[in-house]
Amino acid sequence: MYVISYGDRAALSIALPTLGKEFMLSPVQMGWVSSSFLWSYFLLNLPSTMLLDRKGARLIGSLAVSIWSFAMLLGGMAHNITQFLMTRVLLGVGEAPTFGVGATVVRNWALPKERGSVMTILLTGMQLGLAGGTIAGAYLIAFFGWRFEFIALGGIGLVWAAIWWMVYRAPAEKTSLPNSVPFSFSSIRNLFRSSSFLGILIVQCTQNYLNFLVMSWMPLYLIHELHIDITGTGTRTALCYLTAAVGAIGIGRTLEQFIFRNNIHPSRRRLIVAICLGGAATIGLLPKFHTMTPILLILGGSLACLIAANGANTALLTDLVEDGDKIGTVTGVTLTCSNFLGLFAPIVTGYIVSYTGRFDIAWYMCSAALIISGLLSLLLVDAPITMRRTP
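Counting starts from 1 at the beginning of each chain's written sequence and moves along it residue by residue. Totals for whole chains, interfaces and linings use every residue, but because this is a predicted model, local features are given only for residues with pLDDT of at least 70 and side-chain atom pairs only at 80 or more, for both listing and counting. As a rule here, side-chain values cover all heavy atoms of the structure and leave hydrogens and water aside.

In the nomenclature of an unreviewed UniProt entry, the protein chain corresponds to L-galactonate transporter from the organism Gluconobacter kondonii. UniProt positions are given in the numbering used here, feature names are shortened, and annotations may be inferred rather than shown by experiment. Listed in UniProt under the heading Subcellular location (unreviewed entry), the comment for the protein chain reads: "Membrane".

Printed below as a string of structure tokens:
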């Protein structure tokens, strides 16, 4: 599901140069188009995951992927930029519960001591999807055009949705439980009174900003810096994502074994988060280099650390939340906030490129924010996260 989700997101980033020419878009307009699916995505993160907690990962997973895959099909048929933007908004509707489904499945099936590694492996689906969607999209665009790219990738998602419905089942003890009490607004307020939740949320917001920046602008950045064509850009972008996926698993697993060698207290996972965010902050070195090898190494290494940090941070959330049956909704709260910030990444970067002609300021901003959020994670995350209602 993660592979398909991010493959569909990559479809736009690799198609943006061609699509931008067809619809005559400026860099600022490209930034707004890149962020368009996030408008509905962040608004529906919480409602969709609340529904997920009540209806289960089987139904919501199949329904979500069906909706966004249908949006991809419609995107390939759009005749003007207004129609295309509407399909991107529909894509966001479908993708809203994706991470909630993933967190629910991990909470239900993974052993507590392995959740960080399991979540990191799950999150590599993002990079595999970005790699596959980018390279497949590049060649599909080169031979058949960007419209065919969107239609082909949409068809893959519809097949997955049918298979998920037929194959996935929740653990027996979950299916036998009655519907839980709905998540209340007082419970949400209590989340924001928890320093641990705030620390996790800050990290989620920071890493999401960089994630959406790279996802939206990496192909154009490589074209700008390395002066290569669309297929060359697709190949090198995919290489960065694949390197990041492999590196993230190794980094996450190694750090988890080291940090938990003597003490398996869940809050110690914040050390992994801080170390990985420090590694991801090397993205700030990009303006110093203008040749292929160092640029690809920095991008791949930074993204690997970012995925490992994301996996550890998400595992922290699943470990520290006291009521495990509400993990989908709690994930929805974090995603609502982090995606609200993330939707500005493509837009702000578009303005930076438009006014400066370069990406430098964008990389410096992300690097500083990652370092600060790592320190805040160390300071804030420790106690369990309670959702008990206030009287």
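**Student:** Which residues make up the overall build of the protein chain, and what values go with them?
**Tutor:** Secondary structure summary: the protein chain contains 16 helices and 0 strands in total. This radius of gyration counts C-alpha atoms alone. The globule rule is 2.2 Å times how many residues there are, raised to the power 0.38. Its C-alpha radius of gyration of 20 Å places the protein chain within 12% of the 21 Å reference for a compact globule of 391 residues. Taken along the three principal axes of its C-alpha coordinates, the protein chain extends 55 × 45 × 35 Å. By the burial criterion, 59% of the 391 residues in the protein chain qualify as buried. Any pair of residues with heavy atoms lying within 4.5 Å of one another is described as a contacting pair. Of all intrachain contacts in the protein chain linking residues separated by at least 6 positions in sequence, the fraction that spans at least 24 positions is 85%. Accessible surface area values rest on a Shrake-Rupley calculation with a 1.4 Å probe, where residue burial reflects the displayed protein chains alone. Just so you have it, the protein chain exposes about 15,400 Å², and 71% of that area is on carbon and sulfur atoms. When charges are counted, Lys and Arg contribute as positive and Asp and Glu as negative, whereas His and the chain ends are disregarded. Lysine's charge is taken at NZ, arginine's at CZ, aspartate's at CG and glutamate's at CD. Looking at charge distribution, the protein chain has the averaged site of its 25 positive side-chain charges lying 5 Å from that of its 16 negative ones. A run of H or I in DSSP counts as a helix once it spans at least four residues, and a run of E counts as a strand once it spans at least two, with each numbered from the N terminus. Burial classes follow relative accessibility: with a 1.4 Å probe on protein chains only, a residue under 20% of its type's maximum area counts as buried, one over 50% as exposed, and anything between as partly exposed.

**Student:** Can you explain the packing of helix H3 (residues 57–75) against helix H4 (residues 81–95)? Please cite residues and give values.
**Tutor:** Here H3 crosses H4 at 165 degrees, and the two axes come no closer than 7 Å. Here H3 lies roughly antiparallel to H4, going by the angle between them. Here the hand of the crossing between H3 and H4 comes out left-handed. Note on element contacts: H4 touches H3 through Phe84, Thr87, Arg88, Leu90, Leu91, Val93, Gly94 and Glu95, opposite Ala64, Ile67, Trp68, Phe70, Ala71, Met72, Leu74 and Gly75. Residues are sorted three ways: Asp, Glu, Lys and Arg are charged, Ala, Val, Leu, Ile, Met, Phe, Trp, Tyr, Cys and Pro are nonpolar, and all the rest, Gly among them, are polar. Partitioned by chemical class, the residues of the contact of H3 with H4 number 11 nonpolar, 3 polar and 2 charged. To get an axis, fit a line to the C-alpha atoms, keeping to the stretch in contact for a helix; angles then go from 0 to 180 degrees between the N-to-C directions. Comment on the angle field: the value is read as roughly parallel under 35 degrees, roughly antiparallel over 145, roughly perpendicular from 65 to 115, and oblique elsewhere. Take the far helix as your reference; a near helix turned counterclockwise from it by less than a right angle gives a left-handed crossing, and one turned clockwise gives a right-handed crossing.

**Student:** Lay out empty space enclosed by the protein in plain terms, naming residues and giving numbers.
**Tutor:** Grid spacing is 1 Å over the protein atoms alone, the probe is 1.4 Å, and a cavity is where that probe fits but cannot get out, while a pocket is an open set with protein on both sides within 12 Å along at least five of seven lines and lining residues have an atom within 4 Å of a point. Grid points are joined across faces, edges and corners, and a volume is the space filled by probe spheres set on the points. Counted according to the given criterion, the structure contains 5 cavities of 30 Å³ or more. Considered as a void within the structure, the largest cavity measures approximately 130 Å³ in volume. Along its surface, the largest cavity is lined by 14 residues, and Gln204, Asn310, Thr314, Thr331 and Leu335 are the ones closest to its centre. Those elements that provide at least two residues to the lining of the largest cavity are helix H5 (98–109), helix H6 (115–144), helix H10 (195–226), helix H13 (292–320) and helix H14 (327–342). Counting residues per element, the lining of the largest cavity draws most heavily on H13, at 4 residues. Partitioned by chemical class, the residues of the lining of the largest cavity number 8 nonpolar, 6 polar and no charged. Estimates place the volume of the second largest cavity at around 60 Å³. As for the second largest cavity, its lining consists of Arg9, Leu12, Ser13, Ser34, Phe37, Arg88, Met215 and Ser216.

**Student:** Could you give an account of unusual backbone geometry, with specific residues and numbers?
**Tutor:** A positive phi angle, close to 55 degrees, is found at Met24, a residue other than glycine. Checked against the element boundaries, Met24 lands in the loop between helix H1 (2–23) and helix H2 (27–55).

**Student:** Which residues make up the nonpolar core, and what values do they have?
**Tutor:** Nonpolar cores are built from buried Ala, Val, Leu, Ile, Met, Phe, Trp, Tyr and Cys residues. Side-chain atoms within 4.5 Å join them into one set. Membership of the largest hydrophobic core comes to 116 residues, with the highest contact counts inside it found for Leu299 and Trp363. Among the elements that take part in this core, H10 stands out by supplying 17 residues, more than any other. Filtering out sequence-adjacent residues up to four positions away, Trp363 remains in contact with Leu210, Leu213, Val214, Tyr221, Ile283, Gly284, Leu286 and Pro287.

**Student:** Pulling in residues and values, what's your account of the packing of H2 against helix H15 (residues 344–356)?
**Tutor:** Helix packing for two helices is described by the angle between their axes and how far apart those axes are. Two numbers describe how H2 lies on H15: the axes approach to 7 Å, and their chain directions differ by 170 degrees. By the angle between their axes, H2 is roughly antiparallel relative to H15. Between H2 and H15, the contacting residues are Pro27, Val28, Gly31, Trp32, Ser34 and Ser35 on the first element and Pro346, Ile347, Gly350, Tyr351 and Ser354 on the second.

**Student:** Break down H4 for me, with residues and values.
**Tutor:** The end-to-end C-alpha distance of H4, which contains 15 residues, comes to 21 Å, matching closely the 21 Å that a straight helix rising 1.5 Å per residue would cover. Within H4, the full set of buried residues consists of Phe84, Thr87, Arg88, Leu91, Gly92, Gly94 and Glu95. The buried residues of H4 occupy one face: seen down the axis, they fall within an arc of 160 degrees. The outward face of H4, more than 90 degrees from its buried face, is lined by the exposed residues Thr82 and Met86. In this structure, the buried residues of H4 make contact with H1, H2, H3, H5 and helix H7 (146–167). Between the side-chain oxygen of the N-cap and the backbone nitrogen of Thr82 there are 3.2 Å, and the N-cap of H4 in question is Asn80. Each helix should span, by expectation, one fewer than its residue count multiplied by 1.5 Å. When we speak of the arc, we mean the arc of directions from the helix axis to the C-beta atoms. Here a polar contact is recorded for every N or O atom pair within 3.5 Å, except that within protein the pair must consist of a potential hydrogen donor and a potential acceptor, and residues adjacent in sequence are included only if both atoms are side-chain atoms.

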